Each structure stands twice: as C-alpha cells, then as structure tokens.
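# Analysis of the macromolecular model
One letter stands for each residue in the lines below.
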Amino acid sequence: MTSLLSSLLKKFPKLKIKKHVVLHTAKAILWFSLGALVGLFFFTSFLFIVYRQTHTNTVYDGVMIGGIDFGGKTQKQVQTFYAQKNTYIQNTAMTLTHDEMIATISAKEIGFGFDDKLLAEQAFSIGRSNNLLTNMSLILQAYLFGVSLAPSYHYEEAKLNALLAPIQKTINVKPIDALFEVENGRVKAFRISSDGKTVDTGALKQNLIARFSSPAQTPLPQTMNMNIPVTITKPAITTDEINDLGITELIGQGTSLFPHSIANRVFNIGLASSRINGALIKPGETFSFTKTVGDISSLTGYKQAYIIENGRTVLGDGGGVCQVSTTLFRAALDAGLPIVERHPHAYRVSYYEADAGPGIDAATYYPSVDLKFKNDTDHHILIQTIFDPTNIRLTFQLFGTSDGRQATISEPVILSQSPAPEPLYQDDPTLPVGQVKQVDWAAAGAKVYFTRTVTKDGEVISEDTFNSNYRPWQAIYLRGTQQ
C-alpha cells in the first residue's frame with residue numbers, strides 16, 4: 001500500500017494528499033470487501049441450506065430425464081411416472097422382415113421398458129454426493145441451465161435370445177462353394193455356388209432396442225416394422241471361377257408330377273432322368289432326347305409299365321419315360337430355347353395335367369419319335385435332374401448364361417372336346433369267370449393349343465404355337481371266361 005502511494009505521488013507531484021489518510025482509506029476498502037465476501041459466503045450458504053431443506057425429499061429444480069423436468073418431484077413420483085410409461089410400452093410390437101420371412105417380437109415378451117427405479121435414483125442423486133462443492137456446482141447448474149440425464153432401459157437378454165433363435169435358424173446359411181467335375185463329356189458332379197447369410201445379431205438387438213425406445217408412448221397398441229440386418233458371406237469358390245463354359249446360373253426349369261404311378265413306372269422315370277443328368281449341350285448344338293437316353297428296353301435296365309402302343313395302353317418296357325420327355329420339354333420352353341421337334345401324346349394323360357393344363361406334354365418312342373431343342377445361346381447348357389419319388393415330382397434345371405431372354409407361356413386353350421367312347425368289354429379266357437380287369441382308361445378327346453412368346457431387351461424374338469390333337473380314348477375291360 002505504501003509503495004502504491006509513493007508511486008502515485010511521484011507520478012502526480014502536484015497532488016497534495018496526506019499519506020496516512022490514503023493508507024487509512026485503502027485499509028477500510030480492503031476490510032469492507034473482505035467483509036462483503038464473507039457475508040456473501042454466509043448468505044449463499046444460508047440460501048443453499050434453505051434450498052436443500054426445501055428439497056429434502058425431492059429432485060432439485062432443473063434435473064431432467066430425456067428432456068422432462070422432474071424438479072420438485074419425489075423419487076417415488078419419478079419411479080411411478082416411468083412405471084406408467086412401461087404399461088404403454090408393453091403394447092408395442094416390432095414386425096421383423098427379411099425376404100419372405102416375417103416374425104413379430106413384442107416389448108412385453110422380452111420385458112422391455114424404462115428402468116424406472118434406476119432413473120428415479122439417478123435423478124434424486126444429482127447434487128447429493130459427498131463433495132459439497134460439487135453438489136453446489138451441480139445444483140446451481142441445474143437451476144440456471146438444467147442438467148439432463150439419458151433415459152435408461154432394461155430387457156431380458158435370455159428371452160430376446162430365445163425369440164431370435166428361430167429367426168437365425170431360418171435365415172442363417174453357410175456359403176456354398178461351386179463344384180464342377182466333367183468325365184467323358186458329361187458333368188459328373190455339379191453344384192452352383194451361393195452366398196452365405198448370417199443375421200447380424202448385435203445390430204439387430206441394437207436396432208430393436210432403439211426402435212422400442214423411440215416412439216411416443218401411448219395407451220394404444222403400436223406395431224412398427226424393421227428389416228433384419230443380414231451379413232452376406234461370399235463362397236471361397238464361385239461358379240464362374242470353376243468352369244469356362246459359361247455355366248453360371250439357372251436359365252430354365254420344368255417340373256411334372258406322377259401321382260398314383262405303379263412302382264415300375266416310378267423306377268423307369270428315375271432311370272431315364274438319370275441318363276440325362278449332367279448332359280452338356282454345346283452352343284449351336286441340337287439336343288436329342290432319344291439319342292441321349294438311348295435304347296429303352298429290358299436290356300438297358302427298364303421295367304414294364306403302361307405305354308401307348310398301336311392304339312392301346314399296354315404293358316411295355318420303359319413305361320413312364322414320356323414323363324421325363326414331358327418335363328424336359330417344359331424346361332426348354334421356360335428357357336426360351338427353340339423347339340426343333342415335339343410330338344403330343346395320342347390321348348390326354350392325367351399325369352401330365354396334375355400340375356399343368358392339357359397340351360404341355362411331349363411324347364417319345366425310341367428311336368423314331370423324338371424331342372429336340374437347340375442351344376442358340378453363346379455358352380454351354382448343363383441339364384440337371386432332381387428326381388423326388390417321395391413328393392412324386394420330377395424337375396429338370398437348365399444352367400448356362402442368361403442373355404436376357406424371357407419366355408411367356410400362355411394358358412392352354414381347348415378348341416373342342418369330344419366325349420370318350422362307351423367302355424369296351426372283351427372276353428378273356430385266361431381270367432376266371434366273373435373276374436373283370438380294366439386294361440385301358442377313358443379320356444375325352446380335345447383339340448388344344450398354347451403359345452410361347454420369347455422376348456429380349458423388350459423385343460419379341462420368337463413366337464410359337466404348340467398344337468395337340470388328342471383322340472377320345474376308350475376304357476377297356478377284360479371279362480373272365482375261364483371255367
């Protein structure tokens with residue numbers, strides 16, 4: 001203080017101030033300031049004590065949870081508020097989708113809701129730590145600017161995992177490596193590669209919890225939609241890496257059913273279709289069914305089943321092979337390949353109309369009646385057989401490289417029909433008297449056609465009409481005359 005006074009006197013020599021007066025004044029100001037600070041401290045402390053007393057059992061003003069101010073509320077009131085919210089959340093359900101799969105999980109099923117007890121404790125604990133200065137700072141900050149806490153939620157992990165398990169089982173698939181083995185010009189082993197898929201469980205849980213906690217909670221039931229996050233895994237060996245023939249994708253498929261077929265017929269279907277499985281058709285090559293399947297007789301392994309011969313349905317070697325040619329005809333139609341030769345059956349056969357309309361069939365009879373179609377693509381075509389006797393289904397798949405063509409097959413049109421003739425009964429001395437045996441079955445005659453239109457890049461590249469003229473067929477019964 002003395003040095004300050006001396007410097008002032010030197011700077012302002014004309015200033016006539018008594019040194020002891022200035023010193024006295026300075027001391028008075030100092031003590032006054034200290035007193036004011038002490039008074040302010042005690043006054044502030046008094047206010048703090050009073051404020052704390054008025055909030056002994058309530059949350060301090062400005063303490064918020066998720067933007068809601070709970071100042072002045074008791075801990076019990078905060079907990080009750082979120083407990084009520086939880087009754088609304090129970091009405092929320094989430095519909096999970098991926099491709100064709102749909103599953104629903106509700107908040108109630110996994111016990112999802114606000115952690116009401118924890119939130120109440122957190123709100124009440126603001127400004128109530130063991131550090132006095134920290135408490136004062138937080139209380140003042142809350143009062144002036146607000147202190148916001150994030151909402152806390154809880155759910156039962158075990159229940160959520162149990163609900164996600166069937167979803168994972170449905171979606172999760174391992175990647176499949178391509179397989180391609182050729183022996184003597186025929187593909188001995190073939191498998192097209194495919195990507196693997198795995199449910200991203202971590203992301204799914206995170207998204208699910210976020211969506212459950214996001215909506216405005218109301219007493220009304222709510223259903224929200226969410227896509228299931230999936231991770232794609234590539235195979236180690238892809239189809240386009242394992243062969244240079246252009247056999248990379250499915251370009252056509254045909255199916256047929258053979259219900260009520262006798263055992264020998266089912267056997268013959270499996271045998272003939274196996275002799276086509278793995279066949280390769282070169283670019284520009286015309287495929288011949290009879291050439292590929294070869295001789296159809298007991299000498300080549302076939303059993304006797306019903307065939308059409310000389311206007312009659314009789315037991316003969318290889319009955320059922322026409323089921324194979326019909327199915328392959330449908331695959332070639334679907335692939336948009338040119339049909340070079342096709343013959344309808346003599347009469348309508350119920351097997352071929354089990355999953356299709358009349359007229360979409362192809363008869364073969366070794367060696368003269370054939371089914372032929374041409375590979376007019378720039379790559380090889382591979383024929384794959386799926387013979388499924390359990391589900392009485394035969395499928396042919398054609399693999400190659402799509403050039404963008406699309407085939408549209410019309411519904412069959414029946415131009416006219418004629419009823420089946422009256423049944424014919426013939427005496428048979430080899431059967432006992434009184435015994436009747438049916439050896440042929442009635443079928444109405446019909447004139448039928450269907451069309452196929454093949455387009456590429458929006459332009460029609462071919463249009464075909466396939467006609468069938470089915471004769472009315474007579475049921476024939478043998479009557480025993482043997483005494």
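Below: a short report on this structure.

Conventions we followed
- Every chain's residues receive numbers from 1 upward, in the order its sequence appears when written.
- In keeping with the predicted nature of the model, local features appear solely for residues at pLDDT of at least 70, side-chain atom pairs appear and are counted solely at 80 or more, and the whole-chain, interface and lining totals rest on all residues.
- Side-chain calculation: all heavy atoms of the structure are included, whereas hydrogens and water are not.
- For helices the rule is a DSSP run of H or I covering at least 4 residues; for strands it is a run of E covering at least 2, with both sets numbered from the N terminus onward.
- Type-normalised accessible area, obtained with a 1.4 Å probe on protein chains alone, sets the label of each residue: buried when under 20%, exposed when over 50%, and partly exposed for intermediate values.
- Every residue pair with non-hydrogen atoms within 4.5 Å of one another is taken to be in contact.
- Methods summary: accessible areas were calculated by the Shrake-Rupley approach with a probe of 1.4 Å, and residue burial reflects only the protein chains presented.
- Just to be clear on terms, a salt bridge is a Lys or Arg side-chain nitrogen sitting within 4 Å of an Asp or Glu carboxyl oxygen.
- In this scheme, strands are said to pair when DSSP sees at least two bridges between them.
- Here an axis means a line fitted to C-alpha atoms, over the contact stretch when the element is a helix, while the angle between two N-to-C directions is reported on a 0 to 180 degree scale.
- Pairing of aromatic side chains requires ring centres within 6.5 Å, counting the rings of Phe and Tyr and the six-membered ring of Trp. Pairs whose planes differ by under 30 degrees are stacked, by over 60 edge-to-face, and all others tilted.
- Working rule: Lys NZ or Arg CZ, within 6 Å of ring centre, within 35 degrees of ring normal, means a charge sits over the ring.
- We define a nonpolar core as any set of buried Ala, Val, Leu, Ile, Met, Phe, Trp, Tyr and Cys residues linked to one another through side-chain atoms lying within 4.5 Å.
- Pairs of N or O atoms are called polar contacts if they sit within 3.5 Å, as long as, within protein, a hydrogen donor faces a hydrogen acceptor (for residues adjacent in sequence, only side-chain-to-side-chain pairs).

## Examining the overall build of the chain
In terms of helices and strands, the chain carries 11 helices and 28 strands. Per-residue burial for the chain yields a buried fraction of 37% across its 483 residues. Of all intrachain contacts in the chain linking residues separated by at least 6 positions in sequence, the fraction that spans at least 24 positions is 75%. In the form shown here, the chain has an accessible surface area of approximately 26700 Å², with 56% of it arising from carbon and sulfur atoms.

## Here's the deal with the pattern of salt bridges
A full pass over the atoms with the stated rule returns 14 salt bridges. Between Glu 183 and Lys 188 there is a salt bridge, with its nearest N and O atoms 3.5 Å apart. Residue class for Lys 188 comes out exposed when judged on its relative accessible area of 58%. Ionic pairing is found between Arg 342 and Asp 361, a salt bridge with its closest N-O pair at 3.0 Å. Taken as a pair, Arg 342 in the loop between strand 18 (339-341) and strand 19 (372-374) and Asp 361 in the loop between strand 18 and strand 19 lie far apart in primary sequence, 19 residues in all. Both residues of the pair, Arg 342 and Asp 361, count as buried.

## What to know about the side chain of Arg 330
Within the secondary structure, Arg 330 sits in helix 11 (residues 321-335). By relative accessible area, which is 8% here, Arg 330 ends up buried. Ignoring anything within four residues of it in the chain, the contact list for Arg 330 reads Gln 253, Gly 254, Thr 255, Ser 256, Tyr 352, Asp 355, Ala 356 and Ile 360.

## Considering the sheet that holds strand 11 (residues 222-227)
The mixed open sheet is built from 3 strands, whose spatial order is 4-3-11. The strands lining the two open edges of the sheet, one partner per strand, are strand 4 (101-106) and strand 11. Strand-to-strand twist across the sheet, computed as the mean angle between neighbouring axes with direction ignored, equals 25°. For strand 3 (residues 92-98) and strand 4, the ladder comprises 6 bridges, and the chain directions are antiparallel. Across the sheet, residue Thr 97 finds its bridge partner in strand 4, namely Ile 102. Helix-sheet contacts for helix 6 (residues 157-171) involve strand 3 and strand 4, and the interaxial angle to strand 4 is about 175°.

## Here's the deal with the packing of aromatic side chains
Under the definition given, this model contains 16 aromatic pairs. Centroid distance Tyr 82 to Phe 114: 4.9 Å. Interplanar angle 55°. Geometry classified as tilted. Here Tyr 82, found in helix 3 (residues 75-89), pairs with Phe 114, found in strand 5 (residues 113-114); they are 32 residues apart in sequence, far enough to count as distant. Accessibility classification places Tyr 82 together with Phe 114 in one group, the buried group. An aromatic cluster is defined as three or more aromatic residues linked by ring pairs; in this entry it consists of Phe 70, Phe 81, Tyr 82, Phe 112, Phe 114, Tyr 153 and Phe 212. When the ring centre of Tyr 351 is taken as origin, the NZ or CZ atom of Arg 265, which lies over that ring, is 3.6 Å away. Across from the ring centre of Phe 267, 4.3 Å away, lies the NZ or CZ of Lys 303, which sits over that ring.

## What to know about the nonpolar core
Within the largest apolar cluster, 39 residues are counted, with the highest numbers of intra-cluster contacts made by Ile 65, Leu 96, Ile 105, Ile 167, Leu 208 and Ile 228. In this view, Ile 228 contacts Leu 96, Thr 97, His 98, Met 101, Ile 167, Ile 171, Val 199 and Leu 204; residues no more than four positions away in its chain are not counted. Residues Phe 329, Ala 335, Leu 337 and Leu 394 belong to the second largest nonpolar core, which totals 34 residues.

## Some remarks on the side chain of Thr 377
One can find Thr 377 in the loop between strand 19 and strand 20 (381-388). For Thr 377, the side chain forms a polar contact with the side chain of Asn 375, separated by 2.7 Å. Within the structure, Thr 377 has its side chain in polar contact with the backbone oxygen of His 379 (distance 2.9 Å). Among residues more than four places away in sequence, those in contact with Thr 377 are Pro 283, Gly 284, Leu 337 and Arg 405.

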